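If you want the building blocks of each chain, they are given just below.
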Amino acid sequence: MPSLVDRKYPIPLYWQVAEAIKRQIAEGGLCPGDKLPTEKWLTETYDVSRVTARKAVQTLINSGTLERVRGESPTIAYPRMSRQTNRLSGLSEDLKKTGHAPGALILLCVQEVATPYVAEKLNLQPDAPVFRLRRLRTADSLPLAIHDCWYPLEYCRDFLTETYHADSVYELLDQNGCGLVRATQTVSAKNATAKEAELLGIQDGSALLHVERVSFMASNIAMEFSDMLYNPVRYDLHMELNR
């Protein structure tokens, strides 16, 4: 049972309600993705007015504790993942550093002929052979991103195969003398297709963070082209700019 508000405290009632809901989340009474109890439940449980309950909910939405999709009840927000863009690193490495458990579901793992677009990104001849790896990336077992990556087969045929199962491609590249040292990256937005939405557990047409990256070895050879889609509700990019 949630803690009731105390009218003797010199703290606004809406703030006490918001803090009580946050305690429920911290204690596991409400989990990421759960719908918040109804406004009627909040008013009766905490013995406050509808105005107070609404203000508490809006406070939690503004702070990122709750998420609201138009036409639906607010839900408990998933933990956000942040990534610095001033250094080149793999998602698994970043998640581990921030205390999250990385995971992946392999969606496609195959040798194929590069499309004109992929060939251009990797500076390859048209129809050059590449290794393609498409994965659903997870954080703490929850869907976070879809990564679609291509590698020139000339440099990876001995260690990137259809039986790939390693946790980190970056570590595998390092171990085989193909470590990545720099990259160019473009960030944009797109709307999720029905299939992408299904994989990420979001609504069809939801906004996604779209990242394209070309990563190079020390020899200046393009070794990886990545087309990555992130759920922006759970993920953001941090950039440090100097002048």
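Our subject is the structure that appears above.
Residues numbered from 1 in each chain as written. Predicted model: local features only at pLDDT ≥ 70, side-chain atom pairs only at ≥ 80, totals over all residues. Heavy atoms only, no water.

What to know about the pairing of strand β3 (residues 81-84)
Side-chain alternation along β3 places Met81 and Arg83 on a buried face and Ser82 and Gln84 on a face that remains uncovered. Inspection of the sheet shows β3 paired to strand β10 (residues 235-238) by 4 bridges, in the parallel sense. Paired with methionine 81 across the bridge in β10 is tyrosine 235. (Buried < 20%, exposed > 50% of the residue type's maximum accessible area, 1.4 Å probe, protein only. Helix = DSSP H or I, 4+ residues; strand = E, 2+ residues; numbered from the N terminus. Pairing = 2+ DSSP bridges.)

Re the sheet that holds strand β6 (residues 142-152)
Two strands in a sheet stick together by hydrogen bonds in their backbones, pointing the same way (parallel) or opposite ways (antiparallel). One open sheet holds the 6 strands; their spatial order is β4-β5-β6-β9-β8-β7, and the pairing between them is antiparallel. The open sheet has two edge strands with one neighbour each: β4 (102-113) and β7 (180-191). On average, adjacent strands in this sheet sit at an angle of 15 degrees to one another, irrespective of strand direction. Direction of pairing for strand β8 (residues 207-217) relative to strand β9 (residues 222-230): antiparallel, over a ladder of 8 bridges. By the bridge assignment for β9, histidine 210 is matched with leucine 229. (Axes fitted to C-alpha atoms, helices over the stretch in contact; angles between N-to-C directions.)

Topic: a nonpolar patch on the surface
On the surface, Tyr9, Ile11 and Trp15 cluster together into a nonpolar patch covering about 310 Å² of accessible area. Note on placement: tryptophan 15 falls in helix α1 (residues 13-26). (Patch = residues over 30% accessible without salt bridge, like charges linked within 9 Å, V, L, I, M, F, W, Y side chains within 5 Å. Areas by Shrake-Rupley, 256 points an atom, 1.4 Å probe, with all protein chains shown as cover. Salt bridge = Lys/Arg side-chain N within 4 Å of Asp/Glu carboxyl O.)

Some remarks on the pattern of salt bridges
Counting across every chain of the model gives 11 salt bridges. A salt bridge links lysine 40 to glutamate 44, with the nearest nitrogen and oxygen atoms 2.6 Å apart. With lysine 40 and glutamate 44 both in helix α2 (residues 39-46) and 4 residues apart, this pair spans about one turn of that helix. Note on glutamate 44: relative accessible area 53%, which makes it exposed. The salt bridge partner of lysine 190 is glutamate 196, with a shortest N-O separation of 2.9 Å. If you follow the salt bridges from partner to partner, you end up with Glu112, Arg132, Arg134 and Asp148 in one network.

Re the environment of glutamine 203
Position of glutamine 203 among the secondary structure elements: in the loop between α8 (194-200) and β8. Residue glutamine 203 is classed as partly exposed on the basis of its relative accessible area of 41%.

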